[in-house]
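Here is what each chain is made of, one letter per residue.
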Amino acid sequence: MRKIDAHGMASWLLAGLLFFGAPGSAWSDQEAEGDVPGGVLAPAPRSPALATGLAVATPLMLIGGGLLAWQASDDEIVFEATDALGIGLVSVGALLGPSAGHAYTGDWGRAGLFTLGRAACGGLALAGGYLTAQEAVVEMMGGGEDDDREGSSVGSVILATGALGWLGLSVWEAIDSYGSAERVNARQAAAGPRLTLNPLLLSSRDRTGESRTTWGLGLAGSF
């Protein structure tokens, strides 16, 4: 079994903090002035097609996985762990999934705006669904009146409005993710010279055969 001493462990932790805790892996004077978006230092060029693909595929996979988890439930009455997993996956997929494209490009501001819009539409859909279900229960109990049926119609309209709003915002964000990648790439091209700073980990063995891990920094640039 490979043994890592305290010095080696500290080196790994420090390198991890440098890699994950730092705001990015490069530096440019233009970004310090706010020309490069997203708070990422010298990011690689972003693929517009990949940004759009992530915005479309991520919610589909999460929502599909949630529906499969629901279907795998053995009991239709008792709430099981698979039900909770299904609700979680569908909720995350519907609310956050379409923003995967903007997350990929580092455009967190637009991702937040679209997420807030979908949350509002989701609230409308839930309210409409509640009103519709409430009226359905009243009708099943034989107490449906004209006013109640009118309320059910209003609930259906609210439900449809929320669902269509969510769908429209999701499609809009998928299209906007393509443009977001192009905007990021254009600003990177105009940013000029920059330096790239990356953590390095080197493993070796001393004369006693004990493993040693050291860390360093790699510096590169384009001019």
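For clarity, every value in this text was computed on a predicted model and none was experimentally measured.

Caption draft 1: Spatial organisation of the overall build of the protein. Secondary structure summary: the protein contains seven helices and three strands in total. When its helices and strands are written in sequence order, the protein yields α-β-α-α-α-α-α-α-β-β. Across the 223 residues of the protein, 27% fall into the buried class. Considering only contacts in the protein between residues 6 or more positions apart, those separated by 24 or more positions represent 67%. Element-wise, carbon and sulfur atoms account for 69% of the exposed surface of the protein, whose accessible area totals about 13,700 Å².

Caption draft 2: Spotlight on the packing of helix α3 (residues 48-71) against helix α4 (residues 81-95). Taken N-terminus to C-terminus, the directions of α3 and α4 make an angle of 160 degrees; their axes are 7 Å apart at the nearest point. Considered as vectors, α3 and α4 are oriented roughly antiparallel to each other. Pair α3 / α4 crosses with left-handed handedness. On α4, the residues touching Pro59, Leu62, Ile63, Gly65, Gly66, Leu67, Ala69 and Trp70 of α3 are Thr82, Asp83, Leu85, Gly86, Ile87, Leu89, Val90, Val92, Gly93 and Ala94. Considering only residue class, the contact of α3 with α4 consists of 12 nonpolar, five polar and one charged.

Caption draft 3: Molecular detail of the environment of Arg212. Tracing the chain through its elements places Arg212 in strand β3 (residues 211-222). Distance in space between the C-alpha atoms of Arg212 and Leu202 is 8.2 Å, their sequence separation being 10 residues.

Caption draft 4: A look at α4. Look at α4: 21 Å from first C-alpha to last across 15 residues, which is about the 21 Å you get at 1.5 Å a residue. Of the surrounding secondary structure, the elements contacted by the buried residues of α4 are α3.

Caption draft 5: Layout of the packing of aromatic side chains. All told, the structure shown has one aromatic pair when counted by the stated rule. Ring geometry for Phe114 and Trp172: centres 5.2 Å apart, planes at 85 degrees, overall edge-to-face. With Phe114 in helix α6 (residues 108-140) and Trp172 in helix α7 (residues 146-190), the pair connects residues that are 58 residues apart, well separated along the chain. In this arrangement the basic side chain of Arg46 is found over the ring face of Tyr104, its NZ or CZ atom lying 5.1 Å from the centre.

Caption draft 6: Expanded view of the pattern of salt bridges. Going through the model one piece at a time under the given rule, you end up with four salt bridges. Between Arg183 and Asp107 there is a salt bridge whose closest N-O contact spans 4.0 Å. In this pair, Arg183 is assigned in helix α7 and Asp107 in the loop between α5 (100-105) and α6, connecting sequence segments 76 residues apart. A relative accessible area of 17% places Asp107 in the buried class. Each member of the salt-bridge network shares a partner with another, and the members are Asp107, Arg110, Asp176 and Arg183.

Criteria and cut-off values
Residues numbered from 1 in each chain as written. Predicted model: local features only at pLDDT ≥ 70, side-chain atom pairs only at ≥ 80, totals over all residues. Heavy atoms only, no water. Helix = DSSP H or I, 4+ residues; strand = E, 2+ residues; numbered from the N terminus. Buried < 20%, exposed > 50% of the residue type's maximum accessible area, 1.4 Å probe, protein only. Contact = heavy atoms within 4.5 Å. Areas by Shrake-Rupley, 256 points an atom, 1.4 Å probe, with all protein chains shown as cover. Axes fitted to C-alpha atoms, helices over the stretch in contact; angles between N-to-C directions. Parallel < 35°, antiparallel > 145°, perpendicular 65-115°, else oblique. Left-handed = near helix turned anticlockwise from the far one by under 90°. Nonpolar A, V, L, I, M, F, W, Y, C, P; charged D, E, K, R; others polar. Expected span 1.5 Å × (residues − 1). Phe/Tyr/Trp six-rings, centres within 6.5 Å; stacked < 30°, edge-to-face > 60°. Lys NZ or Arg CZ within 6 Å of the ring centre and 35° of its normal. Salt bridge = Lys/Arg side-chain N within 4 Å of Asp/Glu carboxyl O.

So far we have only geometry, and geometry alone does not tell us how the molecule works.
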